[in-house]
Structures are given as C-alpha cells and as structure tokens.
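Each chain, written out:
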Amino acid sequence: MALIVQKYGGTSMGSIDRIKNVAKRVKRWHDNGHQVVVVVSAMSGETNRLIDLARQISTQPDPREYDQMVSTGEQVSISLLAMALKDLGVGARSLTGRQVAIKTDNAYNKARIESIDDENIREQLDAGNVVIVAGFQGIDAEGNATTLGRGGSDTTGVAIAAALGADECQIYTDVDGVYTTDPRVTSKAKKLEKITFEEMLEMASLGSKILQIRSVEFAGKYGVPLRVLSSFDENTDGSFDQEFQDNVGTLITIDEGDSMEQAIISGIAFNRDEAKIVVRGVPDHPGIASAILSPIGRANIEIDMIVQNLSDQGTTDFTFTVNRTDLDKAMKVLNDEVKDDIGAKEILGNSEVVKVSLVGVGMRSHAGVASLMFQTLAEHNINIQMISTSEIKVSVLIQDQHLEKAVKSLHTAFGLDRDDGDSKVAGL
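Conventions adopted
Residues numbered from 1 in each chain as written. Predicted model: local features only at pLDDT ≥ 70, side-chain atom pairs only at ≥ 80, totals over all residues. Heavy atoms only, no water. Helix = DSSP H or I, 4+ residues; strand = E, 2+ residues; numbered from the N terminus. Rg over C-alpha atoms; globule rule 2.2 N^0.38 Å. Buried < 20%, exposed > 50% of the residue type's maximum accessible area, 1.4 Å probe, protein only. Contact = heavy atoms within 4.5 Å. Areas by Shrake-Rupley, 256 points an atom, 1.4 Å probe, with all protein chains shown as cover. Pairing = 2+ DSSP bridges. Axes fitted to C-alpha atoms, helices over the stretch in contact; angles between N-to-C directions. Core = buried A, V, L, I, M, F, W, Y, C linked by side-chain atoms within 4.5 Å. Left-handed = near helix turned anticlockwise from the far one by under 90°. Nonpolar A, V, L, I, M, F, W, Y, C, P; charged D, E, K, R; others polar. Patch = residues over 30% accessible without salt bridge, like charges linked within 9 Å, V, L, I, M, F, W, Y side chains within 5 Å. Salt bridge = Lys/Arg side-chain N within 4 Å of Asp/Glu carboxyl O. Lys, Arg positive; Asp, Glu negative; His and termini not counted. Charge placed at Lys NZ, Arg CZ, Asp CG, Glu CD. Expected span 1.5 Å × (residues − 1). Phe/Tyr/Trp six-rings, centres within 6.5 Å; stacked < 30°, edge-to-face > 60°.

## Quick word on the overall build of the protein
Of the regular secondary structure elements, the protein holds 14 helices and 20 strands. For the protein, the C-alpha radius of gyration of 24 Å lies close to 22 Å, the compact-globule estimate for 428 residues. Reported as C-alpha extents along the three principal axes, the dimensions of the protein are approximately 80 × 55 × 35 Å. Counting over 428 residues, the protein shows a buried share of 51%. For the protein, long-range pairs separated by at least 24 residues make up 76% of all intrachain contacts whose partners lie at least 6 apart in sequence. Here the protein displays about 19,600 Å² of accessible surface, and carbon together with sulfur accounts for 45% of that area.

## Overview of the sheet that holds strand β11 (residues 226-230)
Strands sit in the order β3-β6-β2-β1-β9-β11-β12-β10 across an open sheet of eight strands; the sheet is mixed. Where the open sheet ends on each side, the last strands, each with one partner, are β3 (92-95) and β10 (194-196). Recorded for the sheet is a direction-independent mean angle of 20° between the axes of neighbouring strands. As defined by bridge partners, strand β9 (residues 168-173) adjoins β11 across five bridges and the pair is classed as parallel. The residue of β11 that forms the bridge with I171 is V228.

## Focus: the nonpolar core
Membership of the largest hydrophobic core comes to 40 residues, with the highest contact counts inside it found for V5, V37, I121, V133, I160 and L226. Looking at this core, the element that brings in the most residues is helix α7 (residues 152-164), giving five residues. Beyond its immediate chain neighbours, meaning those up to four positions away, I160 contacts V5, V37, V39, I102, I116, I121 and V133. Judged by nonpolar contacts, the second largest core, of 24 residues, contains A2, A23, V38 and L81.

## A closer look at the packing of helix α11 (residues 288-298) against helix α12 (residues 327-342)
At a minimum axis distance of 10 Å, the contact between α11 and α12 shows a crossing angle of 145°. For the element pair α11 and α12, the recorded crossing hand is right-handed. Together, I288, A291, I292, P295, I296 and R298 of α11 and A330, V333, L334, E337, V338 and I342 of α12 make up the contact between the two elements. The residue makeup of the contact of α11 with α12, split by class, is ten nonpolar, no polar and two charged.

## Some remarks on the environment of S230
Tracing the sequence through the fold places S230 in strand β11. The exposure class assigned to S230 is buried, which follows from its relative accessible area of 7%. Each C-alpha atom of the pair S230 and V282 lies 51 Å from the other, and the pair is 52 residues apart in sequence.

## Regarding unusual backbone geometry
V100 connects to A101 through a cis peptide bond whose omega is 5°. Structurally, the position occupied by A101 is in the loop between α5 (97-100) and β4 (102-104). Not every positive phi belongs to a glycine, and F136 is a case in point at roughly 80°. Tracing the chain through its elements places F136 in the loop between β6 (130-134) and β7 (137-139).

## Some remarks on a negative patch on the surface
A contiguous patch of negative charge, built from D117, E119, E123 and D126, is present on the exposed surface. Considering the arrangement of structural elements, one finds E119 in helix α6 (residues 119-126). For E119, a relative accessible area of 54% puts it in the exposed group.

## Some remarks on α7
Its 13 residues place the ends of α7 18 Å apart at the C-alpha level, agreeing with the 18 Å of an ideal helix rising 1.5 Å per residue. Extensive coverage of α7 is indicated by the burial of eleven of its 13 residues. Following α7 by one or two positions, G165 has its phi on the positive side, about 65°.

## Remarks on the packing of aromatic side chains
Within this structure, the stated rule accounts for three aromatic pairs. The interplanar angle of 10° and the centroid separation of 4.7 Å between the aromatic rings of Y8 and Y172 together place this pair among those described as stacked. Separated by 164 residues along the polypeptide, Y8 in strand β1 (residues 3-8) and Y172 in strand β9 bring together distant segments of the chain. In this structure Y8 comes out as buried when scored by relative accessible area, which is 0%.

## Regarding the pattern of salt bridges
Taken as a whole, this structure holds 16 salt bridges when the rule is applied. Measuring nitrogen to oxygen at the nearest pair gives 2.6 Å for the salt bridge that ties D31 to K27. Taken together, the positions of D31 and K27, both in helix α1 (residues 16-31) and four residues apart, correspond to about one turn of that helix. Overall, D31 belongs to the partly exposed group, its relative accessible area being 48%.

## Topic: the pairing of strand β13 (residues 267-271)
Most of β13 is tucked away: five of the five residues are buried. Judged by which residues are buried, β13 turns out to be covered on both faces: G267, A269 and N271 on one side and I268 and F270 on the other are all buried. When β13 meets strand β18 (residues 353-359), the two strands line up antiparallel, connected through five bridges. Looking at β18, one finds that G267 is bridged to V359.

What follows is the structure, given as structure tokens:
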C-alpha cells in the first residue's frame, strides 16, 4: 500500500462529467489499497470569473478581501468531488486550507507556505477515507484566508506530499507528460520518461507552463517524487483498464548520474513573453549598471538577460530583457528617471523577440553544445541577439518570427526527433 497525493487542475475539474471521471480514477487507486489525498483547483474559468467580479468593484481590490473571495472556487470543487466519490461508495472528506491547516505568511495573492499540520489528514486516511484538499489556499497567523498565486494548487499538492512523506505526488493535467518541446510547435516532440528536478526547474522558469515553478522548487528541496500525467486518458465508458500499464507520464526526480548521461539535451523551452531594451550611448564607468537597473528593480520589474557591449570612445550600449507586459513601464522608468541622469543617448524597446533555450544535465559532461546551437541557427539564417548560459542551459534571444524554425531545427540537430529516444549527437 502506498500513500499517493494526486493533484487535478481546473481543466480536469472543468465540468460535472469531468469531476465524475476524476472520482472514478481516484476510486481505482483507493480500491487497489492505496491511501489517497487529492488536491484540486477551482473549476476551469471559475477563478477568472471571481477575479473579474472583484475588478468590476475596484481597480485595486483590497488584498485581504481579494484572497477571501478567490479562494472560494476551490471550496466548491472539493465538495463536488467528495460527493462524487461518496456516490461511488468511497468514503471521502473535503478539507479547506484552514481545516488542514496550511499555514502561510500574509503576502496576499502570492503567499508562501510555512507549515502544514498533517494530523487531520492522517486521521481521515486512517479512517479509510479519501481526503480532498483545496489547492491554492492557506491561512496566515491571524486566521485570514491567503492564496498562493496562479498555479498554486501544484505547490499545495507537493507541499502536502512532503508533509505526509508520500510515496509519490501525481500532477494530472491536460497533457500526458513533459515533452522535449511544445508539440504544437513541432509534431516530432517526444514525451520524456524521466527528467531531473534541475532540468524541470529550468524549463519551468523558461516558459514551460506544465508546472508552477514553486512546486518544482518545493519538490526538489524535499525530495518528493513528482509525476506529470494526463487526466484525459479514460476509455469512452469512463473505465481505466490500462491506466497502470500505459499512463506512466513523466517522472521528475533527482539526477541519477550515469543513467542520465546519454541525454545531452532533455528539452527545448521557449518564452514568447520577452521584450528587449537597449540603453544606447551610456558612459562606460563603474556603477553604470546599478544606475540603470536599480530604478527598474524599485519598480518591481524583473530582469532576465543582460549584455553590456565593449566600450567605444568612452561609451557603451547596455541591453537587457524584461517581461513583455513590463516593457512600457520599464521604458517610462528609464526615460523619466535614468536617461538624463546618466547621459544616455537614447532608449529603445523591442517586443518582437523570443527566448529559445536548450536544457539538459548532459551539458555538464559534453562540450560543444553551444557551438552546435549557434551553428544550427546560422545555417537557418537566424540571427542571435543575446546569449546567456548556465551549467545546464544555453539561451538565445532571437526575432519572434523565427521561433518555429529555430525550435524545429534545434530539435533535429540535437537528435530529439529520433524514435529511439537517444539524444546523443555525433561529435558531442
């Protein structure tokens, strides 16, 4: 008997029929002798509906009241799933974040989990019940409802798995695992059987939307085996005859050394939400980077890639990227607070860029990854505007119109198209 934590997102809980299918899946695990804790999100579209209501009342809703309201979506989901399980003859108990209790700080809208009291959950499991927990929410020290930010149900699921010492945390989504890249960009994308926490963390931070980045951080920190699976693999009659054989998804786990060496590159991630800013003709002297970036930081704008060109006659160009939604705000800060103070000639913004990244722990033991990437892009006449690297990642900024061509060509160049799953490349 294993202790399994399962998390179902809003799409999986998007209708009464889907909730009933989730109940059938959970019953299958329960009937096989496993203890099951289920973490659920609000029904698809419900959180957006609640947010829209708040914004109709106020352009800047009170943070406490906002969390109090948007956390109610999950309360509906947990009760409906408990009803569906009981209708199937399975004992079930729904618990809100307060009832668990999931204790957080008081950073409304983006609270962080500080502790989880597992007593109530274990009591219900010992009584033979499936426990259904509201994702996305908790309580602060004063008993106020808090929310963990969009996608926070993933973090709830992983945190509960860590608190319970669960054998596995299963994240059910509308995809059947983690792929080498987005299958919508290239039909040759392959599902990965296994990926390390490091690689998944990089892919999540680089734009992969499969898992919330905080949930991957949490799983890595506490060593929680994490598996991404599809919740839409049932037969037409709602049965799951091949579930345990076929629906293995993708396991996210620790680096397993030699067994991982063949995969030089595990995946290609990309982010369409990038924008590039160039501060031209700035004096080349110590402190100039701080003078440019400090006001950006004070405006709560996150910076990604940074490049400073070589000095030419005492001046240089300073280039960096921000989220595309922050471009106008960043340009205003630079023009109002920075340009005249540092004597910059002009400030240019460009939102027609994307970031494409190679990710793989195999880079540690194979040289030449970056050079093959650059060579491949050059052969397809794709200009690189910026470059950044880490131990297991190489990222480039390119014109957005070349995204699909770049991903497809790199996917082929690094052997990710191959049916045998061996991403070893000649010469690397």
